[in-house]
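As a plain string of letters, each chain reads:
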Amino acid sequence: MNFKIWKWRLFVLLLCLSFCCSALWAEENKPRILLLGTGGTIVGVANQNSPTGYTAGQLTVEELVRSLPGFERLGVDLKAEQVANIASQDMDYPVWKALVERIERAAAQDEADAFVITHGTDTLEETAFFLELALDIDNPVVLVGAMRPTTSLSADGPQNLWEAIQVASSVDSFGRGVLVSFAGEIFPARYATKASTLQTGAFAPTFGGAIGFTDAHRAHYYVASAKKQRRPWSLDWSKLESLPKVEIIPVYAGAGGEALLQALERGAQGIVIAGVGDGNMPASMLQACKRAQERGVPVVRATRVFQGYVHKDHEFKDSDYGTVAAYDLSPQKARILLQLLLARGVRDLERIQAALVGDQPGALRFAEEE
Ligand code: SIN
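Conventions we followed
- Residues numbered from 1 in each chain as written.
- Predicted model: local features only at pLDDT ≥ 70, side-chain atom pairs only at ≥ 80, totals over all residues.
- Heavy atoms only, no water.
- Axes fitted to C-alpha atoms, helices over the stretch in contact; angles between N-to-C directions.
- Helix = DSSP H or I, 4+ residues; strand = E, 2+ residues; numbered from the N terminus.
- Left-handed = near helix turned anticlockwise from the far one by under 90°.
- Contact = heavy atoms within 4.5 Å.
- Expected span 1.5 Å × (residues − 1).
- Buried < 20%, exposed > 50% of the residue type's maximum accessible area, 1.4 Å probe, protein only.
- Domains from an automatic or database assignment.
- Buried area = accessible area lost by both parts, 1.4 Å probe.
- Salt bridge = Lys/Arg side-chain N within 4 Å of Asp/Glu carboxyl O.

Peer 1: What's the story with the packing of helix 4 (residues 124–134) against helix 9 (residues 331–343) in this structure? I'm lost.
Peer 2: A pair of packed helices is captured by two measures, namely the crossing angle of their axes and the spacing between those axes. The interhelical angle for the contact between helix 4 and helix 9, taken along N-to-C directions, is 35 degrees, at an axis separation of 10 Å. Relative to helix 9, helix 4 is oriented so that their crossing is right-handed. For the pair helix 4 and helix 9, the contacting residues are E125, E126, F129, F130 and L133 in the first and Q332, K333, I336, L337 and L340 in the second.

Peer 1: What should I look at first to understand helix 9 in this one?
Peer 2: Residue pairs spaced three or four apart in an α-helix point in one direction, given the helix's 3.6 residues per turn. A rise of 1.5 Å per residue sets the reference length of helix 9, with its 13 residues, at 18 Å; its end C-alpha atoms lie 18 Å apart and thus fit the reference within 8%. Of all 13 residues that make up helix 9, 10 are buried, and the element is covered over most of its length. Of the residues trailing helix 9, G345 is marked for its positive phi of about 85 degrees.

Peer 1: Looking at this model, I keep getting lost on unusual backbone geometry. Mind explaining?
Peer 2: For residues other than glycine, phi is negative in most cases, and the peptide bonds are mostly trans. Phi is positive for A183, which is not a glycine, with a value near 50 degrees. We classify A183 as partly exposed; its relative accessible area is 37%. The backbone of D313 sits at a positive phi, close to 50 degrees, despite the residue not being glycine.

Peer 1: What's the story with the domain arrangement of the chain in this structure? I'm lost.
Peer 2: For interface size, the figure often reported is the accessible area lost on association. What the domain assignment reports for the chain is domain 1 (31–221) and domain 2 (246–369). Taken over C-alpha atoms, the centre of domain 1 sits 29 Å from the centre of domain 2. Interface of domain 1 and domain 2: buried area, both sides summed, is about 1700 Å²; carbon and sulfur atoms make up 62% of it. The interface formed by domain 1 and domain 2 includes 1 salt bridge. Among the salt bridges present, the one from R190 reaches D328, with a minimum N-O distance of 2.7 Å.

This is the structure we're talking about:
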């Protein structure tokens, strides 16, 4: 027997064995992603209304995944489920509740390492911020959408989904709260906003810049993760059938106080003012705020301005009119926070003001609140 040949065969056998073991190890250690579909243009299909017309929320999220070229090379263990299939202008609390309950259950039962949610772009930022406030987990939760339907010449959905999966499967995404991955950029839920009705890079932050980006291989962050703080006021979702009615009142040149007074008559339990500049409003509207104050209805002053923040006690003393400042939250996000506070029974203006200042990673800190 030739000893040299046997030595060589043994070497090849060991090499094959180690290759098989590492392939098995990689297979078993693939990040487990739960992909939850809610609809939107990312699963939209052309219709007959116009040459460019389409209907959002047509394909299932399973069909979207099957359309991803080279999906196997992503190296993830992906499970897709349909939570809803709507255009996101129809997004509402029952879908938010279904998302929270599904994600909480999957996290508690260790079913998934991370979550990706496909969503229409129109209200994507609101779902992202709701989940940011509602979820108390460190696992990555990433929202993604698209500006072009699946039938367009160059659909952006598959690429955006690919990138969102990269963001979700990155260990660097743990503890960052809810993220929005769009057109190669990563934004925190607090600041992500749809900023263009046209461009494929439709999202921008209302404060600061993107916190990271994706390339052909993976997600990268500009700064290390700040650990997401615990929600001290989580809710029992199973008992919460609807959210308190909070209305957003727009301010514009010539606006009066009627819209706010009518909202009170309709039974609004909270009001958010989409003010001008630093959350400002005309004198007649300020007087209407006083009426809300008499009724114990909190009024949050936000701004219609795309970037920046609203100061407390800036042009007048907020407590004189029963108002609080939204700081760095857009009107639509301040509304969600106020709804959740009211659902917890929090009506005290000081507590509402403190909650608006925020404790999410990346949220601004204000000297007077510390
Ligand atoms: C939607 O928000 O459902 C329609 C628009 C989009 O997804 O871009």
